[in-house]
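# Descriptive structure summary
Each chain, written out:
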Amino acid sequence: MRPLNEAALVAASAFSEDERAAVYHAITTRRDVRNEFLPDPLPEDVVGRLLEAAHHAPSVGFMQPWNFILVRDAEKRRAVWNAFDRANREAALMFEGERRDKYRSLKLEGIMTAPLGICVTCDPTRGGSAVLGRTHNPRMDSYSTVCAIQNLWLAARAEGIGIGWVSIYHETDLKEIFGIPDHVEIVAWLCAGYVKELYEEPELAVKGWRQRLPIEELVFAEQWGERSR
Ligand SMILES: Cc1cc2nc3c(=O)[nH]c(=O)nc-3n(C[C@H](O)[C@H](O)[C@H](O)COP(=O)(O)O)c2cc1C
């Protein structure tokens, strides 16, 4: 084994053109999936690769605050769907008029059709009371968990697996279903399954809910509000 203080640097040149193209292809064609799941079960080794991808995410102070509960059991997924349904009815009432009708017309989950559910959690106690880098903003642990989810999402795209992120539920409902301790935060319910087709653009854009913003409006130079040329 290398002594701890000996540098462990390895070569890190740019990827080949094909490798780069593959990375950007995964990024730009990744979609949130609600309807297109195939019922075929996901092989264990493939699920393992997705979880390894997630586990290679950056995390504040190398905290790795995540856990993943893999849920295939249909009864458990039905309980999650019930929790979604209750919250989704409440959510619809938060929009007015036509927008409410539009909201109700959207499908916002694939909990029962995707063969695998993954409950992704964040344990704020992992790594002790003071975590390097999280000393002044405790939310950094959730941000780290989101990085893990994005890694999984992109790896899934490369594997031909669709992921749908569901966040419409009372956290307490899911905690009860899965026996999740009080101090642990639920970050996502992910629906996972093979897909044959994906929307070319975000489904919410295709269905007229909201469009992608022009990137020029979002990039500033040197100072808040200063448009970058
Ligand atoms: C934090 C987070 C929570 C989300 N929650 C939901 C959800 O509850 N239901 C849903 O249909 N989509 C959900 N989405 C998916 C977004 O609607 C989707 O990412 C967005 O419309 C852009 O589409 P795309 O992911 O296909 O590019 C969520 C995405 C994120 C990042």
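For the structure given in this document, a descriptive report is provided here.

Criteria and cut-off values
- Residues numbered from 1 in each chain as written.
- Predicted model: local features only at pLDDT ≥ 70, side-chain atom pairs only at ≥ 80, totals over all residues.
- Heavy atoms only, no water.
- Pairing = 2+ DSSP bridges.
- Helix = DSSP H or I, 4+ residues; strand = E, 2+ residues; numbered from the N terminus.
- Axes fitted to C-alpha atoms, helices over the stretch in contact; angles between N-to-C directions.
- Contact = heavy atoms within 4.5 Å.
- Buried < 20%, exposed > 50% of the residue type's maximum accessible area, 1.4 Å probe, protein only.
- Parallel < 35°, antiparallel > 145°, perpendicular 65-115°, else oblique.
- Left-handed = near helix turned anticlockwise from the far one by under 90°.
- Nonpolar A, V, L, I, M, F, W, Y, C, P; charged D, E, K, R; others polar.
- 1 Å grid on protein atoms, 1.4 Å probe; cavity = no way out; pocket = protein on both sides within 12 Å on 5 of 7 lines; lining within 4 Å.
- Points joined across faces, edges and corners; volume = space filled by probe spheres on them.
- Near = heavy atom within 4 Å.
- Polar contact = N/O pair within 3.5 Å; in protein donor to acceptor, adjacent residues only side chain to side chain.
- Areas by Shrake-Rupley, 256 points an atom, 1.4 Å probe, with all protein chains shown as cover.
- Sits in = over half its atoms within 2 Å of the grid points.

What follows deals with the sheet that holds strand β1 (residues 66-71). What the four strands build is an open sheet, ordered β1-β2-β4-β3; its pairing is antiparallel. On the outer flanks of this sheet lie β1 and β3 (161-166), each paired with one strand and no other. Averaged over all adjacent pairs, the angle separating strand axes in this sheet is 25°, with direction ignored. Looking at chain direction, β3 and strand β4 (residues 185-194) are connected through six bridges and run antiparallel. Directly across from Gly-162, in β4, lies its bridge partner Gly-193. Running over the sheet, helix α6 (residues 171-178) touches β1 and β4 and is turned about 70° from β4.

Let's shift gears to the environment of Leu-174. As for its position among the elements, Leu-174 is in helix α6. Judged by its relative accessible area of 0%, Leu-174 falls in the buried class. Discounting residues that sit within four places of it in the chain, Leu-174 has contacts with Val-80, Ala-83, Tyr-169, Ile-180, Ile-186 and Trp-189.

A few words now on the packing of helix α2 (residues 44-55) against helix α5 (residues 140-158). For the pair α2 and α5, interaxial distance at closest approach is 7 Å and the crossing angle is 140°. One finds that α2 runs oblique with respect to α5. In this structure, the crossing between α2 and α5 has a hand that is right-handed. Where α2 abuts α5, its residues Leu-50, Leu-51, Ala-53 and Ala-54 lie against Ala-148, Asn-151, Leu-152, Ala-155 and Ala-156. Classifying every residue of the contact of α2 with α5 by side-chain character gives eight nonpolar, one polar and no charged.

According to the stated counting rule, one finds one cavity of 30 Å³ or more in the structure shown. Taken as a whole, the largest cavity spans an internal volume of roughly 40 Å³. Arg-30, Arg-31, Val-33, Trp-153, Arg-157, Ile-161, Gly-162, Ile-163 and Leu-198 are the residues that line the largest cavity. Secondary-structure elements contributing two or more residues to the lining of the largest cavity are α5 and β3. For the lining of the largest cavity, the element with the most residues is β3, which contributes three residues.

Here we come to the site of the ligand. Around the ligand lies a shell formed by Arg-30, Arg-31, Asp-32, Arg-34, Leu-108, Trp-165, Val-166, Ser-167, Ile-168, Pro-202 and Leu-204. A distance of 2.8 Å separates an oxygen atom of the ligand from a polar side-chain atom of Arg-30. In this structure, a nitrogen atom belonging to the ligand sits 3.3 Å away from a main-chain N or O atom of Trp-165. Summarising the interface, the protein chains cover 72% of the accessible area of the ligand, which totals 610 Å² for the free molecule. Cavity membership is defined here by more than half of the atoms lying within 2 Å of grid points; on that basis the ligand lies in the largest pocket. Taken together, the residues that form the shell around the ligand break down as six nonpolar, one polar and four charged.

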